[in-house]
Amino acid sequence: MAYSLWNDQIVEEGSIVISPEDRGYQFGDGIYEVIKVYNGNMFTAQEHIDRFYASAEKIRLVIPYTKDVLHKLLHELIEKNNLDTGHVYFQITRGANARNHVFPDASVPAVLTGNVKEGERAYENFEKGVKATFVEDIRWLRCDIKSLNLLGAVLAKQEAAEKGCYEAILHRGDIVTECSSANVYGIKDGKLYTHPANNFILNGITRQVILKCAEEINLPVVEEPMTKADLLTMDEIIVSSVSSEVTPVVDVDGNQIGAGVPGEWTRQLQQAFEAKLPLSSNTK
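In this convention, every chain numbers its residues from 1, walking through the sequence in written order. Side-chain atom pairs in this predicted model are given and counted only at pLDDT of 80 or more, local residue features only at pLDDT of at least 70, and totals for whole chains, interfaces and linings cover all residues. Side-chain calculation: all heavy atoms of the structure are included, whereas hydrogens and water are not.

### Concerning the pairing of strand 14 (residues 236–240)
Phase 1: Classification of residues uses two cut-offs on accessible area relative to the type maximum, computed with a 1.4 Å probe and protein chains only: under 20% is buried, over 50% is exposed, and between them is partly exposed. For the purposes of this entry, the term helix denotes a DSSP run of H or I that reaches at least four residues, the term strand denotes a run of E that reaches at least two, and both are numbered from the N terminus. With five of five residues buried, strand 14 lies mostly within the body of the structure.
Phase 2: Residue alternation in strand 14 divides its side chains into two sets, E236, I238 and S240 and I237 and V239, and both sets are buried.
Phase 3: Only when DSSP finds a minimum of two bridges between them are two strands counted as paired. Bridging between strand 10 (residues 183–188) and strand 14 involves five bridges; their strand directions are antiparallel. For I187, the partnering residue across the bridge sits in strand 14 and is E236.
Phase 4: Across three bridges, the pairing between strand 14 and strand 15 (residues 247–252) is antiparallel. Within strand 15, the position partnered with V239 by the bridge is T247.
Phase 5: Linkage of strand 14 to strand 15, two consecutive antiparallel strands, is achieved through a turn of six residues, within which E245 is found at a positive phi near 50 degrees.

### As for the pairing of strand 11 (residues 191–194)
Phase 1: Direction of pairing for strand 10 relative to strand 11: antiparallel, over a ladder of four bridges. Looking across to strand 11, one finds that Y185 is bridged to T194.
Phase 2: Linkage of strand 10 to strand 11, two consecutive antiparallel strands, is achieved through a turn of two residues, within which D189 is found at a positive phi near 50 degrees.
Phase 3: Of the strand pairs in this sheet, strand 11 and strand 12 (residues 221–223) are connected by three bridges, and their pairing is parallel. Bridge pairing in strand 12 places Y193 opposite V222.
Phase 4: Between the parallel pair strand 11 and strand 12, the chain is carried across by helix 6 (residues 205–216), and the sense of this crossover is right-handed. Here is how to tell: hold the view so the strands point away, follow the path from the first strand over the helix to the second, and if it runs clockwise the crossover is right-handed.

### Quick look at the side chain of H171
Phase 1: Tracing the backbone shows H171 in strand 8 (residues 167–172).
Phase 2: A distance of 2.7 Å separates the side chain of H171 from the backbone oxygen of G173, its partner in a polar contact.
Phase 3: In contact with H171, other than residues within four places in its own chain, are F134, V135, E136, D137, V176, T177 and K228. A 3.5 Å cut-off defines polar contacts: any pair of N or O atoms within that distance qualifies, except that in protein one atom must be a possible hydrogen donor and the other a possible acceptor, and neighbouring residues in sequence count only when both atoms are side-chain atoms. Any two residues whose heavy atoms approach within 4.5 Å at even a single point are treated as in contact.

### As for the sheet that holds strand 1 (residues 3–6)
Phase 1: Here we have six strands laid out as an open sheet, ordered 2-1-6-5-3-4, and antiparallel in their pairing. The open sheet terminates on both sides in strands that have one partner only, identified here as strand 2 (9–12) and strand 4 (41–42).
Phase 2: Strand direction decides the pairing type here: strand 3 (residues 30–38) and strand 4, joined by two bridges, are antiparallel. Bridge pairing links V37 to M42 in strand 4.
Phase 3: On the sheet, helix 2 (residues 45–58) packs against strand 3, strand 4, strand 5 (86–93) and strand 6 (111–118) and is oriented at approximately 175 degrees with respect to strand 3.
Phase 4: For helices, the axis comes from a line fit to the C-alpha atoms of the stretch in contact; other axes are also lines fit to C-alpha atoms, and the angle between any two N-to-C directions lies between 0 and 180 degrees. Where helix 3 (residues 67–80) meets the sheet, its contacts fall on strand 1, strand 2, strand 3, strand 4, strand 5 and strand 6, and the angle it forms with strand 1 comes to roughly 165 degrees.

### Some details on the domain arrangement of the protein
Where interface size is given, it is often the accessible area lost as the parts come together that is meant.
Phase 1: An automatic or database domain assignment supplies the start and end points of every domain. Looking at the protein, the domain boundaries give domain 1 (1–116) and domain 2 (121–273).
Phase 2: Distance from the C-alpha centre of domain 1 to the C-alpha centre of domain 2: 27 Å.
Phase 3: Facing 23 residues of domain 1, the contacting portion of domain 2 comprises 17 residues.
Phase 4: Buried area: the sum, over both parts, of the accessible surface (1.4 Å probe) that disappears when the two are put together. Between domain 1 and domain 2 lies a buried interface of about 1,700 Å² when both sides are counted; carbon and sulfur atoms form 64% of it.
Phase 5: When the area that domain 1 buries against domain 2 is broken down by residue, the three leading residues are Y32, R51 and K58, summing to 34%.
Phase 6: What counts as a salt bridge is simple: a side-chain nitrogen of Lys or Arg found within 4 Å of a carboxyl oxygen of Asp or Glu. Where domain 1 packs against domain 2, one counts one salt bridge.
Phase 7: Inspection of the region where domain 1 meets domain 2 yields seven residue pairs in polar contact (both at pLDDT 80 or more).
Phase 8: Mapped onto the side of domain 1 that touches domain 2, the elements with two or more residues apiece are helix 1 (23–27), strand 3, helix 2 and strand 5.
Phase 9: Residue classes follow a fixed rule: Ala, Val, Leu, Ile, Met, Phe, Trp, Tyr, Cys and Pro count as nonpolar, while Asp, Glu, Lys and Arg count as charged, and any other residue, Gly among them, counts as polar. The residue inventory of the side of domain 1 that touches domain 2, partitioned by class, reads 10 nonpolar, eight polar and five charged.

Here's what the structure looks like:
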């Protein structure tokens, strides 16, 4: 039996009822988060929860639970499902009301839902690297908000999949921003380059961990926009997300990156990242 989160309750997965007039369904009026789970433990849970509340504030959505209560509910959801390795997904919408672009009044309750999914880590991708393709970034201008509005990302990811690629590297004009579901970085001459954390990208929690890892291994970080041409000249390229962790990119649209295999800096970042995970072999 699988269980889901529904507001402040853990219920059987099939028992949730969502109104067809829920604003998440009609407008994408809501936000979400995904937290990786290793050995039953959430990784960087507080950072994800903090960003969840920050996204809510940016769209003027009031979450009717404290951060501590939400953390406890997510922990209970993981335990109830006996989840070992995978992720927990949760979202909140502005609730259900007669369809109107204008916000409903404060009496309409927000709707919180969540579920878990088992999934092993993508070891083959980490070891061998993946292919990517350039896709024009057609998303809205508030990519710093983890909104339910993901159609632009969905279309980009589909285009990448149809080309046999793992990721779509997005660009606005000639400037690389991020990927359809990940952040992107280039490494050249002993420096790591990535787009600054502004409204054009989501400041990924995994991204924040990777920047700390870079500092630990003495890899200087340069947060400035890159062009598509810049990216193709990099010695190494990586993408990161909750599921991608530190994934090397060895080919972009048929252009071999570096030696065509994961590079030395990538390996060091992977090792530094691995050391932070709540794995049985680690003390943390």
